[in-house]
Amino acid sequence: MADSKRQQILSAIDTRLKTIKTINGYETNLGNKIYAWKATPLDDVDLPAAEYRDIANDHFKPAPIGSFRWALTIEIGVITASGTTTISDIRKMIGDVYKAIGTDITWSTLAQWTEQPSDKVEIEQQEKTIGGAKIVFQIIYDAAKWQC
C-alpha cells in the first residue's frame, strides 16, 4: 500500500531540509543533522541541528467534492551550540529553513499551498549560551475522504 499523502509530505520535508547546505547556496550546513520527532536530547556534537514534527492536522474548508482538505501544522526546531555568534547563527538557520520551504510551496504537487511561516527565537544562558528557534507553518493539502 502506498504511503498516505501526509507521509509523502513529511518525506518531502525531510528531503528538502537535508538540502540545506552551503554547497547548495544556503548560509549554513543545517541539512547535515535533520531529525524527525527526535526522542532523545541533542548533545553538543549533534549541533547545529533541526527537528521537525507534524503537530496537528486540522480540517480546512472549503474542500473539493469527494475530498477532505487538511491543514498540516509543521513545527521545525533549530538549535545551535554556544558561541559568540549564537544569535546570528540562529537567524541564518531560520533564513535557510524559510528559503528551503519557499523553493516549492506545493511540495511537488502533493499540496495546494503552504501558509506563511512564523518563528520564535529562544536563547538560554545558563552554563553556556544555547540558541534555538521554532518555526511553524501549515501545508494545505487534499486527500480522499477519510484519508490523510
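Note that the structure is predicted; figures quoted are calculated from it, not measured. (Residues numbered from 1 in each chain as written. Predicted model: local features only at pLDDT ≥ 70, side-chain atom pairs only at ≥ 80, totals over all residues. Heavy atoms only, no water.)

## Details of the overall build of the protein chain
Thinking step 1. When helices and strands are counted, the protein chain shows two helices and six strands.
Thinking step 2. A compact globule built from 148 residues would reach a C-alpha radius of gyration of about 15 Å, and the protein chain, at 16 Å, matches this within 12%.
Thinking step 3. Residues counted as buried form 36% of the 148 residues belonging to the protein chain.
Thinking step 4. Considering only residue pairs separated by 6 or more positions, the protein chain has 59% of its internal contacts joining residues 24 or more positions apart.
Thinking step 5. Accessible area of the protein chain: about 8,400 Å², with a carbon and sulfur share of 52%.
Thinking step 6. For the protein chain, the separation between the mean place of its 17 positive charges and that of its 19 negative charges on side chains is 5 Å. (Helix = DSSP H or I, 4+ residues; strand = E, 2+ residues; numbered from the N terminus. Rg over C-alpha atoms; globule rule 2.2 N^0.38 Å. Buried < 20%, exposed > 50% of the residue type's maximum accessible area, 1.4 Å probe, protein only. Contact = heavy atoms within 4.5 Å. Areas by Shrake-Rupley, 256 points an atom, 1.4 Å probe, with all protein chains shown as cover. Lys, Arg positive; Asp, Glu negative; His and termini not counted. Charge placed at Lys NZ, Arg CZ, Asp CG, Glu CD.)

## Describing the side chain of serine 67
Thinking step 1. As for its placement among the helices and strands, serine 67 is situated in strand 3 (residues 67–80).
Thinking step 2. Since its relative accessible area comes to 18%, serine 67 is described here as buried.
Thinking step 3. When neighbours within four sequence positions are excluded, serine 67 is seen to be in contact with Ala143, Ala144 and Lys145.

## Here's the deal with the environment of lysine 99
Thinking step 1. Turning to its location among the elements, lysine 99 is positioned in helix 2 (residues 86–102).
Thinking step 2. For lysine 99, a relative accessible area of 42% translates into the label partly exposed.
Thinking step 3. When the C-alpha atoms of lysine 99 and leucine 17 are compared, they prove to be 10.0 Å apart, with 82 residues separating the residues in sequence.

## Some points on helix 1 (residues 5–17)
Thinking step 1. With 13 residues, helix 1 should cover 18 Å at 1.5 Å per step; its first-to-last C-alpha distance of 18 Å lies within 8% of that length.
Thinking step 2. The set of residues buried in helix 1 consists of Ile9, Leu10, Ala12, Ile13, Asp14, Arg16 and Leu17. (Expected span 1.5 Å × (residues − 1).)

## Quick word on the nonpolar core
Thinking step 1. Ile13, Ile76, Val78, Val97 and Trp107 are the most contacted members of the largest nonpolar core, which has 31 residues in total.
Thinking step 2. Those elements giving two or more residues to this core turn out to be helix 1, strand 2 (49–59), strand 3, helix 2 and strand 6 (129–144).
Thinking step 3. Once residues lying within four places of it in the same chain are set aside, the contact partners of tryptophan 107 are Ala12, Ile13, Arg16, Ile101, Thr114, Phe137 and Ile139. (Core = buried A, V, L, I, M, F, W, Y, C linked by side-chain atoms within 4.5 Å.)

## Some remarks on the environment of glutamine 8
Thinking step 1. Assignment of secondary structure puts glutamine 8 in helix 1.
Thinking step 2. Put simply, glutamine 8 and isoleucine 65 are 57 residues apart on the chain and 22 Å apart in space, counted from C-alpha to C-alpha.
Thinking step 3. When sequence neighbours within four positions are dropped, the list of residues in contact with glutamine 8 reads Asp3 and Leu110.

## Notes on unusual backbone geometry
Thinking step 1. Following leucine 47, the chain continues to proline 48 via a peptide bond in cis, the omega torsion being -5 degrees.
Thinking step 2. Tracing the sequence through the fold places proline 48 in the loop between strand 1 (34–36) and strand 2.
Thinking step 3. Residue proline 62 is bonded to the preceding lysine 61 through a cis peptide linkage, with omega at 0 degrees.
Thinking step 4. Relative to the elements of secondary structure, proline 62 occurs in the loop between strand 2 and strand 3.
Thinking step 5. Phi is positive for tryptophan 107, which is not a glycine, with a value near 50 degrees.
Thinking step 6. With respect to the helices and strands, tryptophan 107 occurs in the loop between helix 2 and strand 4 (113–114).
Thinking step 7. Even without a glycine there, the phi angle at threonine 109 is positive, about 70 degrees.
Thinking step 8. Structurally, threonine 109 can be placed in the loop between helix 2 and strand 4.
Thinking step 9. A relative accessible area of 68% means that threonine 109 is categorised as exposed.

## Concerning a nonpolar patch on the surface
Thinking step 1. Together, Ile87, Val121 and Ile123 make up an exposed nonpolar region whose accessible area comes to about 200 Å².
Thinking step 2. Relative to the assigned elements, isoleucine 87 resides in helix 2. (Patch = residues over 30% accessible without salt bridge, like charges linked within 9 Å, V, L, I, M, F, W, Y side chains within 5 Å. Salt bridge = Lys/Arg side-chain N within 4 Å of Asp/Glu carboxyl O.)

Coordinates in, geometry out; function isn't part of it.
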